[in-house]
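Chain by chain, the residues run as shown.
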Amino acid sequence: MKKFSFLFMVLAVVTLILAACGEGNNDKKEDANSENAELNETTELKYKPEDINPDTDVCEICAMAVADDQHATQIVLKSERSLKFDDLGCLYAWITENGEDEIGAKFVRDFNTEEWVLMEDATYVFDEEINTPMAYGIISFKDRADAESYIEENGFGEILTADDLKDHKWEMMNHDHDHGHDGHDGHDDHAHGFHAEGFDMHFTELENATVGEETKLEVNITLDEAGLEGAKVRYEIWKEDNKDNTDWVDASEVNTGNYVADYSFKEAGTYHVQVHVEDDHDLHEHMEYEVIVKE
């Protein structure tokens, strides 16, 4: 009888110990899950994407307007500065040029809802038939099922993951959008194919820009080889490596298609002048030029 009681007590103690261990493991799992959830939440909250302003936001690579649509992408640097891109391919071009050390988070938009999604969490569809602003042919979806539905409904496309993008061969599907320099008027600019067919602009080169002296900024704009009348033209001006300090200057149309503004540069150095052109027919074009200012 005593032996039976002793064994019973031993079994009871062992049972209690095992139960306590199980509870401890469960607590550890819950703590780990909680920490992971908190980490993900912190990452998303720490780096928030900015809203797109199509009137002022231009792509960091191709200098085209960034439309407030499903193709817009964004990098938020660790400094919390947001870089906007009109096409996922432009975002990857920036990464190729600059690396990822300073990146806090990368965002794409869901193709259906235009909701911002962390790039790593999205699913992508690629095909030459897909039309994107700079013709890279890749769109993004928050849910894989929506990406698969897009392929099924359209009859073309292949699924890519965020990891697949790293090995993707990034190339434009046509040559209407050229990220290279075309040498208009001998300028070192970011000229490329415009969105509007028949549109062109030529900025008058500034050869003797001097600190403190009023400088005439002049651009000639044509559409189908005729001067473009009644456009809204603005000059966005910033010193190199200091785009957070940007001046905006409105231009006046002095002759048909000829838009002029006066500006005084405050310091010597290299400046970028971005010409923004809009009209009442949904035209919105940009071109960037480099200006050397001397003492």
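Points about the pairing of strand 1 (residues 73-77)
Point 1. Of all 5 residues making up strand 1, 5 are buried, and the element is well covered by its neighbours.
Point 2. Going residue by residue along strand 1, you find T73, I75 and L77 tucked away on one face and Q74 and V76 tucked away on the opposite face as well.
Point 3. Direction of pairing for strand 1 relative to strand 2 (residues 82-85): antiparallel, over a ladder of 4 bridges. Bridging from a neighbouring strand, T73 pairs with F85 of strand 2.

Notes on the sheet that holds strand 11 (residues 232-239)
Point 1. Read from one edge of the open sheet, 4 strands run 12-11-15-16, paired in antiparallel fashion. Strand pairing shows two members of the sheet lacking a second neighbour, strand 12 (246-250) and strand 16 (284-293), which therefore form its edges. Taken pair by pair, the neighbouring strands of this sheet meet at an average axis angle of 20°, ignoring direction.

Things to note about the confidence of the model for the protein
Point 1. Across the protein, the average pLDDT comes to 82, with 77% of residues at or above 70.
Point 2. For residues 34-44, every residue scores under 50 in pLDDT, and the model assigns this stretch 1 contact once sequence neighbours within four places are set aside.
Point 3. Low pLDDT (under 50) marks residues 175-192, which in the prediction has 46 contacts with non-local residues, meaning those over four places away or in another chain.

Some remarks on the nonpolar core
Point 1. Judged by nonpolar contacts, the single largest core of 37 residues is most densely connected at I75, F85, L88, C90, W94 and Y124.
Point 2. Broken down by secondary-structure element, the contributors of at least two residues to this core are strand 1, strand 2, helix 2 (88-98), strand 3 (103-109), strand 4 (116-118), strand 5 (123-126) and helix 4 (162-167).
Point 3. If one sorts the elements of this core by residue count, helix 2 sits on top with 7 residues.
Point 4. Counting residues in each nonpolar core, the second largest holds 28 residues, with F203, I221, V273 and V275 among its members.

Some points on the sheet that holds strand 3
Point 1. One open sheet holds the 4 strands; their spatial order is 2-1-3-4, and the pairing between them is antiparallel. Two strands lie at the open edges of the sheet, namely strand 2 and strand 4, each paired on one side alone. Taken pair by pair, the neighbouring strands of this sheet meet at an average axis angle of 25°, ignoring direction.

What to know about the environment of E267
Point 1. Checked against the element boundaries, E267 lands in the loop between strand 14 (258-264) and strand 15 (269-278).
Point 2. Among the polar contacts made by the side chain of E267, one reaches the side chain of K239 at a distance of 2.8 Å.

Remarks on the environment of E229
Point 1. Examined against the element boundaries, E229 turns out to sit in the loop between strand 10 (226-227) and strand 11.
Point 2. By relative accessible area, which is 58% here, E229 ends up exposed.
Point 3. Between the alpha carbons of E229 and N255 there is a distance of 8.6 Å; along the sequence they are 26 residues apart.
Point 4. In contact with E229, other than residues within four places in its own chain, are E253, T256 and Y259.

So, helix 3 (residues 144-154)
Side chains three or four residues apart in an α-helix point the same way, a direct result of the helix having 3.6 residues per turn.
Point 1. The complete set of buried residues in helix 3 reads A147, Y150 and I151. The buried residues of helix 3 all sit within an arc of 95° when viewed along its axis, so they share a single face. Those residues of helix 3 that are exposed and angled more than 90 degrees off the buried face are E152 and E153.
Point 2. On the buried face of helix 3, the contacting elements are strand 5, strand 6 (138-141) and strand 7 (158-160).

Description of helix 2
Point 1. Buried residues dominate helix 2, accounting for 8 of its 11 residues.
Point 2. By the burial criterion, the buried members of helix 2 are L88, G89, C90, L91, Y92, A93, W94 and I95.
Point 3. Elements that come into contact with the buried residues of helix 2 comprise strand 1, strand 2, strand 3, strand 5, strand 6 and helix 4.
Point 4. Two or three places before G89, at the start of helix 2, stands the capping residue D87, its side-chain oxygen 2.8 Å from that residue's backbone nitrogen.
Point 5. Two residues or fewer after helix 2 comes G99, characterised by a positive phi angle close to 75°.

What counts, and where the lines are drawn
All residue numbers here refer to positions counted from 1 along the written sequence of the relevant chain. Given that the model is predicted, a residue must reach a pLDDT of at least 70 before its local features are reported, and side-chain atom pairs must reach 80 or more before they are shown or counted; all residues, however, enter totals for whole chains, interfaces and linings. Water and hydrogen atoms were dropped before computing side-chain values, which therefore reflect all heavy atoms in the structure. Note on classification: 1.4 Å probe, protein chains only; a residue is buried when its accessible area is under 20% of the maximum for its type, exposed when over 50%, partly exposed between these limits. By definition, any uninterrupted DSSP run of H or I lasting at least four residues is a helix, any uninterrupted run of E lasting at least two residues is a strand, and each is numbered from the N terminus. A pair of strands counts as paired when DSSP detects no fewer than two bridges linking them. Structural elements are reduced to axes, namely lines fitted to C-alpha atoms, with helices fitted over the stretch in contact, and the angle between N-to-C directions of any two is expressed from 0 to 180 degrees. Every residue gets a pLDDT, meaning the predictor's confidence in that residue, from 0 to 100. In what follows, a contact means two residues having at least one pair of non-hydrogen atoms within 4.5 Å. For our purposes a nonpolar core is just a set of buried Ala, Val, Leu, Ile, Met, Phe, Trp, Tyr and Cys residues, chained together by side-chain atoms within 4.5 Å. Polar contacts, as counted here, are pairs of nitrogen or oxygen atoms within 3.5 Å of one another; within protein the pair requires one atom able to donate a hydrogen and one able to accept it, and residues that are adjacent in sequence qualify only if both atoms are side-chain atoms. What the arc measures is the spread of directions leading from the helix axis to the C-beta atoms.

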